[in-house]
Amino acid sequence: MKLKSKQSKITRRQQFKLFLSIMAAFAVLFLTLGLIIFNLFQSSTYKSIDKDIRNQVVSIQKQPNMKKQVEPDPHDPNNHFNNNVNKPNPKAPFQASILVFNKKGKLLNKSSLGNRYSVLKNINLNKNNVNLKQTLVVNNMNFRSILIKVSKKNNNPMYAGNYVLIMQNIDTQIQAIENFERILIITFFLFWVIALVISYFLARINMLPIIKSWQQQTEFVNDAAHELRTPLTIIQGKLEYMLTKPNKKIIDEAEAISVSLDEVNRLNSLTNNLLVLARSDSATTNLKFELTKPEFFLKDPIVPFKDIINSQSKVFQINLNDNPTLNLDRDKIKQLLIILLDNATKYTPKNGTIKIYDQVEGSKYQFIVSDTGVGVADSDKRKIFGRFYRVDKSRNTNSGGHGLGLAIAQQIVNVHHGNIFVRDNLPHGSEFVVELPIKHH
Ligand code: ADP
């Protein structure tokens, strides 16, 4: 229990770390994306403003020849501000203002500015800024501007030889950029939260099998250590006892020695089994699959069992009739058979019958090891295939089991894409059914 809570604490900490790193990764991702989008938007807005200004510069510098001075110039951008009769220059944007300074910095077109003059009068001429694009702030209003020096040859006497400051109010654009920024921040924050929620659940779902197998592994190691400790303690006890009797002959302590030897044997088989399980867990076993028939992988390996089972005053019947082709590792199936037949003899009293028979069920080949022994309770029918599971611990300790045999059997069947289960053998005993896929040509 204590171990479990410690484990879940560790996994929770791991999950939290994973979550934090995902959070950071998403934040960086969204931030970069946001900055890129924002910069693109901002620069495209400024580009379009600058394009408008450039158009104005061009229209001022290339004033067409005028016939009469008195005639209002349709291309004079100032005209459409004050004079509604004239056609406005289609290229001149509505928010544009034009300030004309003479060399001394005196504002020349005061009258054409109308009520804008009160705002724009504070702007002074700075000859150093010629041809520089600038953003000016006047009375809390934002202007994108450029100062040009118009050549004396310009046909418009208003501009000729003077400095012209073209200013475009960009308050709406700045407002739009600010709005866009706000929307971007809100949307990205929202999506960041959504991405986090999704990734949290994804992380949990992905972690589940890892956590499960990790817990199983820890459990397995704990159980294995526990199983190893028991025989070791017994051997240690016996050896220490023998050390206290140094003058005795071996024959006097034969019992202690034989008990120790039994335990060593137990240790031996246990470590072998553990190795088998650990190897197949990490999938390091090389399987030798081959096409074969039951008479080779079933009949041949079980023949030697006949004598062993008979010598224990038990009956052994073989009833194999089907002969389909299967793709399997014969050594592994032999190991499986030994586990099942070993169990059948272990849990069947004298005069009992152990039988092996087969049948074909659809595309599956089944062989069944049946006995007339103690049987398996319904509640244990699934559990006995688990590692270290023993129905009756005390009895099985006497019969030398560790509860690993059926776990190995299950693994062997799994790598063959088959199935193993236990059912009752009536009136008593149990039947272990192994199902293997038939290889069709
Ligand atoms: P063990 O080494 O204890 O036999 P197994 O994994 O082979 O370990 O079996 C697990 C448990 O299943 C056994 O402890 C036993 O209780 C039960 N079991 C296995 N085979 C049989 C059988 N033929 N009849 C009754 N019980 C069985």
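Analysis parameters
- Residues numbered from 1 in each chain as written.
- Predicted model: local features only at pLDDT ≥ 70, side-chain atom pairs only at ≥ 80, totals over all residues.
- Heavy atoms only, no water.
- Patch = residues over 30% accessible without salt bridge, like charges linked within 9 Å, V, L, I, M, F, W, Y side chains within 5 Å.
- Areas by Shrake-Rupley, 256 points an atom, 1.4 Å probe, with all protein chains shown as cover.
- Salt bridge = Lys/Arg side-chain N within 4 Å of Asp/Glu carboxyl O.
- Helix = DSSP H or I, 4+ residues; strand = E, 2+ residues; numbered from the N terminus.
- 1 Å grid on protein atoms, 1.4 Å probe; cavity = no way out; pocket = protein on both sides within 12 Å on 5 of 7 lines; lining within 4 Å.
- Points joined across faces, edges and corners; volume = space filled by probe spheres on them.
- Domains from an automatic or database assignment.
- Pairing = 2+ DSSP bridges.
- Axes fitted to C-alpha atoms, helices over the stretch in contact; angles between N-to-C directions.
- Parallel < 35°, antiparallel > 145°, perpendicular 65-115°, else oblique.
- Left-handed = near helix turned anticlockwise from the far one by under 90°.
- Contact = heavy atoms within 4.5 Å.
- Nonpolar A, V, L, I, M, F, W, Y, C, P; charged D, E, K, R; others polar.
- Buried < 20%, exposed > 50% of the residue type's maximum accessible area, 1.4 Å probe, protein only.
- Core = buried A, V, L, I, M, F, W, Y, C linked by side-chain atoms within 4.5 Å.

Asker: What am I meant to see in a nonpolar patch on the surface here?
Answerer: A cluster of nonpolar side chains, contributed by F189, L190, F191, V193, I194, V197, I198, Y200, F201, L202 and I205, occupies part of the molecular surface with about 1000 Å² of accessible area. Take V197: it is sitting in helix α5 (residues 171-243).

Asker: Hey, could you run me through the layout of surface pockets in this one?
Answerer: Empty space among the atoms becomes visible once a probe the size of a water molecule is rolled across them. In this model, the second largest pocket occupies a volume close to 420 Å³. If you list the elements that add at least two residues to the lining of the second largest pocket, you get α5 and α10 (405-415). At 7 residues, the largest contribution of residues to the lining of the second largest pocket is made by α5. Three or more residues apiece are contributed to the lining of the second largest pocket by two domains, here domain 1 (213-281) and domain 2 (290-437).

Asker: Looking at this structure, how should I read the sheet that holds strand β1 (residues 96-101)?
Answerer: Two pairing modes exist for strands in a sheet, parallel and antiparallel, and in both the strands are linked by backbone hydrogen bonds. Strand order in the open sheet made by the 4 strands is β1-β4-β3-β2, with antiparallel pairing throughout. Strands with a single pairing partner mark the edges of an open sheet, and in this sheet they are β1 and β2 (133-138). Each neighbouring strand pair of the sheet contributes to a mean axis angle of 30 degrees, computed without reference to strand direction. Sheet topology note: the strand β3 (residues 141-149)/strand β4 (residues 163-169) ladder contains 7 bridges and is antiparallel. Opposite R144, over in β4, you have Q168 as the bridge partner.

Asker: Help me understand the packing of helix α7 (residues 294-311) against helix α8 (residues 330-346), please; the structure alone is not making it clear to me.
Answerer: Angle between the axes and distance between the axes: these two values describe a pair of packed helices. Axis separation between α7 and α8 bottoms out at 10 Å; the angle between their running directions is 30 degrees. Taken together, the axes of α7 and α8 lie roughly parallel to each other. When you trace α7 past α8, the crossing you get is right-handed. For the pair α7 and α8, contact is made by F296, F297, L298, P301, I302, F305 and I309 and by R330, I333, K334, L337, I338, L341, D342 and T345, respectively. The class makeup of the residues in the contact of α7 with α8 is 11 nonpolar, 1 polar and 3 charged.

Asker: Got a minute to help me understand the sheet that holds strand β8 (residues 353-361) in this structure?
Answerer: Pairing within the open sheet is mixed, and its 5 strands lie in the order β6-β8-β9-β11-β10. Since the sheet does not close on itself, it has two edges, and those belong to β6 (315-319) and β10 (419-424), each with one partner. Direction aside, the axes of adjacent strands within the sheet are offset by 20 degrees on average. Pairing geometry for β8 and strand β9 (residues 364-371), over 8 bridges, is antiparallel. Pairing of Y357 across the sheet is with I368, part of β9. Along the sheet, α8 makes contact with β6, β8, β9, β10 and β11 (430-437), crossing β9 at roughly 30 degrees.

Asker: Would you take a moment to explain the pairing of β2 for this structure?
Answerer: If a strand is regular, its side chains alternate between the two faces of the sheet. Where β2 meets β3, 6 bridges bridge the pair, whose relative direction is antiparallel. Within β3, the residue paired with K133 across the bridge is I146. Between β2 and β3, which pair antiparallel one after the other, the connecting turn spans 2 residues, and N139 there sits at a positive phi close to 45 degrees.

Asker: Before we go on, may I ask you to explain the pairing of β11 in this structure?
Answerer: Within β11, 7 of the 8 residues are buried, leaving the element largely enclosed by the surrounding structure. By the bridge criterion, 7 bridges tie β9 to β11 in an arrangement that is antiparallel. In the strand pairing of β11, K364 is matched with P437. Inspection of the sheet shows β10 paired to β11 by 6 bridges, in the antiparallel sense. Note that in β11 the partner of N419 across the bridge is E435. The antiparallel pairing of β10 with β11 creates a hairpin that spans 5 residues between the two strands, and G429 there sits at a positive phi of about 105 degrees.

Asker: Help me understand the nonpolar core in this model?
Answerer: It is characteristic of soluble globular proteins that their nonpolar side chains tend to be buried jointly. Core analysis: the biggest nonpolar cluster contains 43 residues, and L336, I356 and F367 have the highest contact counts within it. If you count residues domain by domain, this core takes at least three from each of domain 1 (213-281) and domain 2 (290-437). Not counting chain neighbours up to four residues away, the residues in contact with L336 comprise F367, A409, I412, V413, I420 and V434. Counting residues in each nonpolar core, the second largest holds 15 residues, with L120, L136, Y163 and L165 among its members.

Asker: I'm lost on the pattern of salt bridges in this one. Help?
Answerer: A pair can form between side chains of opposite charge whenever their charged atoms are brought close. All chains considered together, the criterion is met by 8 salt bridges. Note that D331 and K288 form a salt bridge whose closest N and O atoms lie 3.7 Å from each other. With D331 in helix α8 and K288 in the loop between α6 (254-281) and β5 (290-292), this pair connects stretches of sequence that are 43 residues apart. Just as D331 is exposed, K288 falls in that class too.

Asker: Explanation requested: unusual backbone geometry in the structure shown.
Answerer: Excluding glycine, a negative phi dihedral is what most residues carry, and trans is how most peptide bonds are arranged. With an omega dihedral of 0 degrees, the bond running from L426 to P427 counts as a cis peptide bond. For P427, the position within the fold is in the loop between β10 and β11. Unlike most non-glycine residues, F388 shows phi in positive territory, near 65 degrees. One non-glycine residue, H417, adopts positive backbone phi at about 55 degrees. Along the chain, the position of H417 falls in the loop between α10 and β10.

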